[in-house]
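# Commentary on secondary and tertiary structure
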Amino acid sequence: MNLDELMMSDSGSDEDIAALTAEDRGSTESVRKGCDPLVSTQRSKLQQRRAKLNQQINRELRLRSGAENLYRASSNQKVKETVALELSFVNSNLQLLKEELEELNSSMNIYQTESETVNVPMIPLGLKETKETDMTVPLQDFISEHYSEDASLYLTEIQVFMELRQAMRTPSRNEAGQELLMEYYNQLYFLDQRFFSPHRSLGIHFHWYDSLTGVPSVQRALAFEKGSVLFNIGALYTQIGARQDRSTLTGVQNAIDAFQRAAGAFLYLQENFSHAPSLDMSGPALSMLVRLMVAQVQECVCEKVILMQDNNLNVLLQAAQEAARVSDVYSLVLQAMSVPLLKDYVPFSWISMVQVKTHHFRALAHYYTAVALCDCSGMLDEDDDEGGEIKALIQIHTRRPDKLNLQDTEDKRRLGKAHLRKAIIRHEEALRLHGVCKMLRKMDILQEVLSHAHTRSLEKYSDIDQEDDFCEVAEAPEIQSHTQQKPDIKTPDFSAVRVTDIFHRLGPLSLFSARNRWVRRHACLVRGEAGLGLTLRGDSPVLVAGVLPGGCAAVRDEAGLREGDYIVAVNGADCRWAEHAEVVHALKSCTERGLELDVITLQSHEVEKRNVLSPTGERECQSGSERKAGREYERGSSSIWNWSWRSGGSKRLANTFSLSFGNLREGEPMF
């Protein structure tokens, strides 16, 4: 199937396919689902084709690597000639596959709005593809070895997490899709705390493909998974922004919001991720993407001003300055795309589109200035005077027009004519660049926009041109760029999506995490005349704060309790999440036969007493009710993204976030 067939067939939109079910299938299961990958829409076909190309590129890269190794290892000249011939075929196939992938990545039409209104197309990003990963065995092994639990009891939780990851691969192109990615991203925090120990490798490999070239990258670090998901959050926002109907103020505002959020996601990724294994997440690439998103925000702001245009002088001059601003920011994007690392990486259609927009909006700046000069004399607001009009016309230029008196109508016409001449030259350059790029030539909407703007400028020039005008041609200064609404880059708000720790049955995260080590023991206590002889503090789980010497709970061989132990079960009833009062009640119900307690002892007692920043960035020591809320809380951004590559020596990832082990209260009941 070629790209044209891919773009012509469509049986429904993402919104029709997104399965957002409200069925409650258990406290651990997500209610968010991805799109049905079997339903054929333009976007799903594009993603499926991109995934197949990624796999083919991966296969050819492995063949080339093996052939190169054989060529270096062989000393037989005939074998070397045969291998060299095979390498030429492999390289040819790779080049064809990469060109096909670039064509797919350049297909912007699929992501544009279906509205009949003509707008300049935006540049969206395709999502990074990932392979399906089976985590069942590694997670079960870790539960058995580290938590000393029956791993078969957690098959449901493992399956729920894997289903969430599978759904994350095909998010719908709307807010529900963003919430799905956010939910999975937030769940990665819990997965990191529960299963990724600094002392051992879990043996899970995360496979992700470069969003533009399809080159695969494999990492065992969970940070790579986090970064790739965050990249897709930004990419999905670009698709949401591109599909907005920008012929209305509401659509323009929605597009502005989407592109600002996309810029925030890419900027956040750039500031918190280094030594990226794939080029699309490298510093220069992310910097370029941030600039591209900011430029598209600025373009939407300009469109909003043009929508409100009413042939008022101030509005026309504002539109001219906004258009000049758009041209300037796209020039910066072009510079970012031209750095050595990216000039052969960024699709040619992207570079061509940025060049076209640079000239197109510069032409619009000159056009609106010409209209203001020729048609809006005396059309200022009632509160302005003629001096204000002249001042506004002078200030819009980067320099004062030479030998022209802007109080004279004829001089204003001559200056407007000079601006139209510049506008026509810019329009023609934009049309030329559009014709050079094969992918842009297929975009009928872009052709229509450019041709309409060019024709409009020509007609305006003909209207003001006079046959007996033998005056010297005026030179139009450049337009001073200015914007009334600067882009507001919005950092991802991870706390907006509430999540439930899928593996919360393992116990409170502050204690039962992969970073902690403990010894589990079984103790039998019989109440004496002086009671059980122990002091309890805190909850979830309850801490043994003190043991009365010689009391029932004192250590006898290994059968007693120690200060610092945590009670996790009473008479076989799990109390890891139990509140203080519940454990007290269970201990008071001690019969003559005594109590059977399961307790754990942390191996590093001093570490467990430290206080650290809470997920909201404040010092805290959680009580029982707060600890229960810890299963489902709104997590602030400070707790989610505290990971980075270590510079120098080992490139191992270190998660710098941790929670306090102890949960202590002021009151200390004595039994």
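For the structure given in this document, a descriptive report is provided here. (Residues numbered from 1 in each chain as written. Predicted model: local features only at pLDDT ≥ 70, side-chain atom pairs only at ≥ 80, totals over all residues. Heavy atoms only, no water.)

On to the environment of Lys304. Tracing the backbone through its elements, the reader meets Lys304 in helix H10 (residues 283-307). Accessibility expressed as a relative area gives 17% for Lys304, which makes it buried. Distance from Lys304 to Gly251, taken between C-alpha atoms, is 9.6 Å for residues 53 residues apart in sequence. Ignoring any residue separated from it by four or fewer positions in sequence, one finds Lys304 in contact with Leu249, Val252, Gln253 and Gln485. (Helix = DSSP H or I, 4+ residues; strand = E, 2+ residues; numbered from the N terminus. Buried < 20%, exposed > 50% of the residue type's maximum accessible area, 1.4 Å probe, protein only. Contact = heavy atoms within 4.5 Å.)

Under the criterion given, the structure shown has 12 aromatic pairs. Taking the centre distance of 5.4 Å and the plane angle of 75 degrees together, the rings of Phe512 and Trp518 count as edge-to-face. We note that Phe512, like Trp518, is buried. Members of the aromatic cluster, joined through ring pairs, are Phe142, Tyr147, Phe195, Phe503, Phe512 and Trp518. Across the ring face of Phe231, the terminal group of Lys128 is positioned such that the distance to the ring centre comes to 5.7 Å. (Phe/Tyr/Trp six-rings, centres within 6.5 Å; stacked < 30°, edge-to-face > 60°. Lys NZ or Arg CZ within 6 Å of the ring centre and 35° of its normal.)

It is worth spelling out the pairing of strand S2 (residues 216-219) at this point. Because side chains alternate across S2, one face comprises the buried residues Ser217 and Gln219, and the other comprises Pro216 and Val218, none of which is buried. Two elements, strand S1 (residues 206-209) and S2, share four bridges in a ladder whose sense is antiparallel. Along S2, the bridge assignment pairs Trp208 with Ser217. The antiparallel hairpin formed by S1 and S2 contains six residues in its connecting segment, where Gly214 sits at a positive phi of about 80 degrees. (Pairing = 2+ DSSP bridges.)

The next thing to look at is the nonpolar core. By size, the foremost hydrophobic cluster in this structure holds 148 residues, and its most contacted members are Leu139, Leu191, Phe195, Phe231, Phe266, Trp350 and Phe503. Counting residues per element, this core draws most heavily on helix H12 (residues 348-375), which supplies 15 residues. Listed in part, the 18 residues of the second largest apolar core include Leu536, Val542, Ala578 and Leu587. (Core = buried A, V, L, I, M, F, W, Y, C linked by side-chain atoms within 4.5 Å.)

Quick look at the environment of Cys376 now. Considering the arrangement of structural elements, one finds Cys376 in the loop between H12 and helix H13 (386-395). Since its relative accessible area comes to 1%, Cys376 is described here as buried. As for Cys376 and Asn312, which are separated by 64 residues in sequence, their C-alpha atoms are 6.7 Å apart. Not counting residues up to four positions away in its chain, the partners in contact with Cys376 are Asn311, Leu313, Leu316, Val371 and Glu389.

With that settled, the discussion passes to the pattern of salt bridges. With the rule as written, the count across this model stands at 24 salt bridges. Residue Glu478 is joined to Arg362 by a salt bridge in which the shortest nitrogen-to-oxygen separation is 3.7 Å. With Glu478 in the loop between helix H16 (444-464) and strand S3 (499-500) and Arg362 in helix H12, this residue pair connects regions lying 116 residues apart in the sequence. With a relative accessible area of 8%, Arg362 lands in the buried category. Residues joined in a network through salt bridges with shared partners are Asp328, Arg362, Lys422 and Glu478. (Salt bridge = Lys/Arg side-chain N within 4 Å of Asp/Glu carboxyl O.)

There is a patch of nonpolar side chains on the surface, built from Leu249, Leu307 and Met308 and spanning about 270 Å² of accessible area. Considering the arrangement of structural elements, one finds Leu249 in helix H9 (residues 249-272). A relative accessible area of 43% places Leu249 in the partly exposed class. (Patch = residues over 30% accessible without salt bridge, like charges linked within 9 Å, V, L, I, M, F, W, Y side chains within 5 Å. Areas by Shrake-Rupley, 256 points an atom, 1.4 Å probe, with all protein chains shown as cover.)

Turning our attention to the packing of helix H5 (residues 136-146) against helix H6 (residues 155-168). Relative orientation of the contacting elements H5 and H6 amounts to 140 degrees, with a least axis distance of 10 Å. By the angle class used here, H5 and H6 are oblique. At the point where H5 passes H6, the crossing takes the right-handed sense. Across the interface between the two elements, Thr136, Leu139 and Gln140 of H5 pack against Leu155, Ile158 and Met162 of H6. A per-class count over the contact of H5 with H6 returns four nonpolar, two polar and no charged. (Axes fitted to C-alpha atoms, helices over the stretch in contact; angles between N-to-C directions. Parallel < 35°, antiparallel > 145°, perpendicular 65-115°, else oblique. Left-handed = near helix turned anticlockwise from the far one by under 90°. Nonpolar A, V, L, I, M, F, W, Y, C, P; charged D, E, K, R; others polar.)

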